[in-house]
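As a plain string of letters, each chain reads:
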Amino acid sequence: MDHTRSDPTTSPVTLEMTAELWKSAANVLSINWINDHTVPSRLLYPHQWSWDTAFIAIGLAYVNPAHAWRDLRSLFEAQWPDGRVPHIVFDPSVAEGDYFPGPAFWDVPAYGSRPARGSTGLVQPPMHAIAAWEVYRRATSHGAAGAQQAIDELTWLYPRLVKQQEYLSVRRDAGGAGLASLVHPWESGVDNSPSWDAALSAVPADMRLLSRYKRRDLEVADAAHRPTDVDYARYVHLVVAYKESGYSDTQLARHHDFVVECPSFNAILGAAEMALARIAAVVGADPEVHLVRARRITSAIVDRLWDPASRTFRVRDVRTGTLSPARCVSGLMPLILPGLPAEHVAAIVAEAESERFGLPAQTGLPAPSYDRTAANFDTLRYWRGPIWVNVNWLLRRGLQQHGYPRQADELRTAMLDLVRRSGHYEYFHPDTGEGIGAPTFSWTAALTLDMLADRPATVPAALISAQR
Ligand code: 2M8
């Protein structure tokens, strides 16, 4: 396949260009702020999304730290008593028909001081401890004014973040090895990834059930970019089944039709424990317990999700015990774990640099969401080929952490070039770099701010050696 290199412009990036990019990113975050939270995109995603909030807070820390903390707080105010942090917190002022599936479809009962139908019952990757630490780091590097607020916010968040981790690694441990299982592709954040195809094929696709609803995404986005109706029928089936169980996680592997362990979700779960170790030290709690958990999660990922034949990480179907054949960007994410064994680190970097994912040295572009050489690589369809900034931002962290500064720098340059050239899009065409999906997308803007500010995200050597 001919990968057209991204605009290999030789003209240097001027200060004015950088200032312009910064201004446009800050503007996206400001237009997407509503009352007490940021929406991913006003048209396509008009509520608050869980892992979006984490990425957004990282960027807000530079332009409006009070909003960064407020956003995280709004999300955790909707935490369920069992510890789960819902994947969407619904804005009651948005009409039911403005997003499908909306609050009535999920029909979540009231809990704590929250009204009924306030959220979904699914989760998303637990990026929030990492985000809270990044917002704190930014606040404390800027004098005493924000520092006290940062300590207060971390103190409020810490027990809630711990509860979130416990929900995921205990109640969701359907496989019995300490990893979180997902009950729906939407929980992964990489929703339509080919990683799910094998496990999803066992899920009934009831087109009559789907025909009772109206897909709002097809009214506001191009159908060729979105999941198919068959995928949506399966998504709806899984939500209905989970809802009918009362959103219960008991005996998941026996009762639910889709139960999988994802390398990217669990890598974030492990990295969150590392962030919690650092937060614990600030709020007067015990960091050690988090370091131990991070080590356990890292070993479980290596034991259960590593495919020695292809030397990559894959999704495990907990019901069948098989690994997905698809090589997806989620398989590169364990690089964010500081304790990942050297052999696996080297293999991931080789995979990231291969023609399958072609880091910028090969293509001039960040990594696509799926193996470029796969027969079903799709340049347009959501999470089945296009480039996303958030997973590349995580990949860059992993590269920095494991001593690959050149690759990390090239990836940063490629991401910033892409956004400068195409705008703060939701995702990008993996051959041409053209923007696709929502045009003023919050996490693209937020992470652009972070990359422009360019603070290396390394973990102290002492914490890394505690992991090995
Ligand atoms: C996409 O997911 C939602 C469902 O949660 C959708 O397709 O309607 C994904 O890209 C997900 O990762 C993201 O959090 C969400 C909002 O940006 O959009």
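The structure displayed is predicted, hence computed values, not measured ones.

(A) Here's a closer look at the overall build of the protein. Along the protein, the regular secondary structure elements total 19 helices and 11 strands. Going through the 468 residues of the protein one by one, you find that 61% of them count as buried. Of all intrachain contacts in the protein linking residues separated by at least 6 positions in sequence, the fraction that spans at least 24 positions is 71%. Accessible surface computed for the protein: about 16,600 Å², of which carbon and sulfur atoms make up 53%.

(B) Representation of the pattern of salt bridges. Evaluated as defined, the whole model comprises 30 salt bridges. Taking the shortest distance from any N to any O, the salt bridge between Arg70 and Glu77 comes out at 3.4 Å. On the basis of relative accessible area, Arg70 is assigned to the partly exposed category, the value being 28%. Residue class for Glu77 comes out partly exposed when judged on its relative accessible area of 34%.

(C) Region of the structure containing the site of the ligand. Lining the immediate environment of the ligand, one finds 16 residues, of which Asp52, Tyr99, Gly189, Asp191 and Tyr382 sit closest. Within the contact set of the ligand, an oxygen atom lies 3.0 Å away from a side-chain nitrogen or oxygen of Gln124. Side-chain polar atom of Arg226 to an oxygen atom of the ligand: 3.0 Å apart, as the coordinates give it. If the ligand stood free it would expose 420 Å²; the protein chains cover 100% of that surface. The cavity that encloses the ligand is the largest cavity.

(D) Main features of the sheet that holds strand S8 (residues 316-317). With antiparallel pairing, the 3 strands of this open sheet are ordered in space as S5-S8-S9. The open sheet terminates on both sides in strands that have one partner only, identified here as strand S5 (260-261) and strand S9 (322-323). Relative to S8, S5 runs antiparallel, the two sharing 2 bridges. Paired with Val260 across the strands is Asp317, a residue of S8.

(E) Fine view of the packing of aromatic side chains. Inspection of every chain in the model, using the stated rule, returns 27 aromatic pairs. Where Trp22 meets Tyr62, the ring centres are 6.1 Å apart and the plane angle is 75°; that geometry is what we call edge-to-face. With Trp22 in helix H1 (residues 15-31) and Tyr62 in helix H2 (residues 50-63), the pair connects residues that are 40 residues apart, well separated along the chain. An angle of 65° between the planes, with centres 6.2 Å apart, marks the rings of Tyr382 and Tyr427 as edge-to-face. With Tyr382 in the loop between helix H15 (360-363) and helix H16 (389-401) and Tyr427 in strand S10 (residues 427-428), this pair connects stretches of sequence that are 45 residues apart. Its relative accessible area of 2% is what places Tyr427 among the buried residues. Clustering of aromatic rings is evident, with ring pairs tying together Tyr45, Trp49, Trp51, Phe55, Tyr99, Trp393, Phe441 and Trp443. Here the guanidinium or amino end of Lys243 rests over the ring plane of Phe105, the centre of that ring lying 4.8 Å away.

(F) Up close: the packing of helix H3 (residues 65-77) against helix H5 (residues 128-140). Put simply, H3 and H5 touch, their axes get as near as 10 Å, and they point 155° apart. With respect to each other, H3 and H5 are oriented roughly antiparallel. As for how H3 packs across H5, the hand of that crossing is left-handed. Contacts from Ala68, Trp69, Leu72, Leu75 and Phe76 in H3 reach His128, Ala132, Val135 and Tyr136 in H5. Here the residues of the contact of H3 with H5 are counted per class, giving 8 nonpolar, 1 polar and no charged.

(G) Region of the structure containing the environment of Ala78. Tracing the chain through its elements places Ala78 in the loop between H3 and strand S4 (88-89). Here the alpha-carbon distance between Ala78 and Ile88, two residues 10 residues apart in the chain, equals 9.4 Å. Ignoring any residue separated from it by four or fewer positions in sequence, one finds Ala78 in contact with Pro86, Val89, Tyr111 and Arg114.

(H) Highlighting empty space enclosed by the protein. As enumerated under the stated definition, the model contains 4 cavities of 30 Å³ or more in all. Taken as a whole, the largest cavity encloses approximately 230 Å³ of empty space. Taken together, 19 residues form the lining of the largest cavity, with Tyr45, Trp49, Gln124, Asp191 and Tyr382 sitting closest to its centre. For the lining of the largest cavity, the per-class residue count stands at 12 nonpolar, 3 polar and 4 charged.

(I) How the structure looks around the side chain of Asp317. Position of Asp317 relative to the elements: it lies in strand S8. It turns out Asp317 is buried and unbridged, and the closest side chain with the opposite charge, Arg319, is 5.3 Å from it. One polar contact links the side chain of Asp317 to the main-chain amide nitrogen of Arg319, over a distance of 3.0 Å. Apart from the residues within four sequence positions on either side, Asp317 is in contact with Ala199, Val259, Val260 and Thr322.

(J) Structural detail: unusual backbone geometry. Here the bond from Phe100 into Pro101 is cis, since omega is 0°, no more than 30 degrees from zero. Positive phi is not limited to glycine here, since Arg117 has a value of about 60°. Residue placement: Arg117 occurs in the loop between helix H4 (103-106) and H5. Although it is not a glycine, Trp383 sits at a positive phi angle of roughly 65°. Structurally, Trp383 is set in the loop between H15 and H16.

What counts and how
- Residues numbered from 1 in each chain as written.
- Predicted model: local features only at pLDDT ≥ 70, side-chain atom pairs only at ≥ 80, totals over all residues.
- Heavy atoms only, no water.
- Helix = DSSP H or I, 4+ residues; strand = E, 2+ residues; numbered from the N terminus.
- Buried < 20%, exposed > 50% of the residue type's maximum accessible area, 1.4 Å probe, protein only.
- Contact = heavy atoms within 4.5 Å.
- Areas by Shrake-Rupley, 256 points an atom, 1.4 Å probe, with all protein chains shown as cover.
- Salt bridge = Lys/Arg side-chain N within 4 Å of Asp/Glu carboxyl O.
- Near = heavy atom within 4 Å.
- Polar contact = N/O pair within 3.5 Å; in protein donor to acceptor, adjacent residues only side chain to side chain.
- 1 Å grid on protein atoms, 1.4 Å probe; cavity = no way out; pocket = protein on both sides within 12 Å on 5 of 7 lines; lining within 4 Å.
- Sits in = over half its atoms within 2 Å of the grid points.
- Pairing = 2+ DSSP bridges.
- Phe/Tyr/Trp six-rings, centres within 6.5 Å; stacked < 30°, edge-to-face > 60°.
- Lys NZ or Arg CZ within 6 Å of the ring centre and 35° of its normal.
- Axes fitted to C-alpha atoms, helices over the stretch in contact; angles between N-to-C directions.
- Parallel < 35°, antiparallel > 145°, perpendicular 65-115°, else oblique.
- Left-handed = near helix turned anticlockwise from the far one by under 90°.
- Nonpolar A, V, L, I, M, F, W, Y, C, P; charged D, E, K, R; others polar.
- Points joined across faces, edges and corners; volume = space filled by probe spheres on them.
- Lys, Arg positive; Asp, Glu negative; His and termini not counted.

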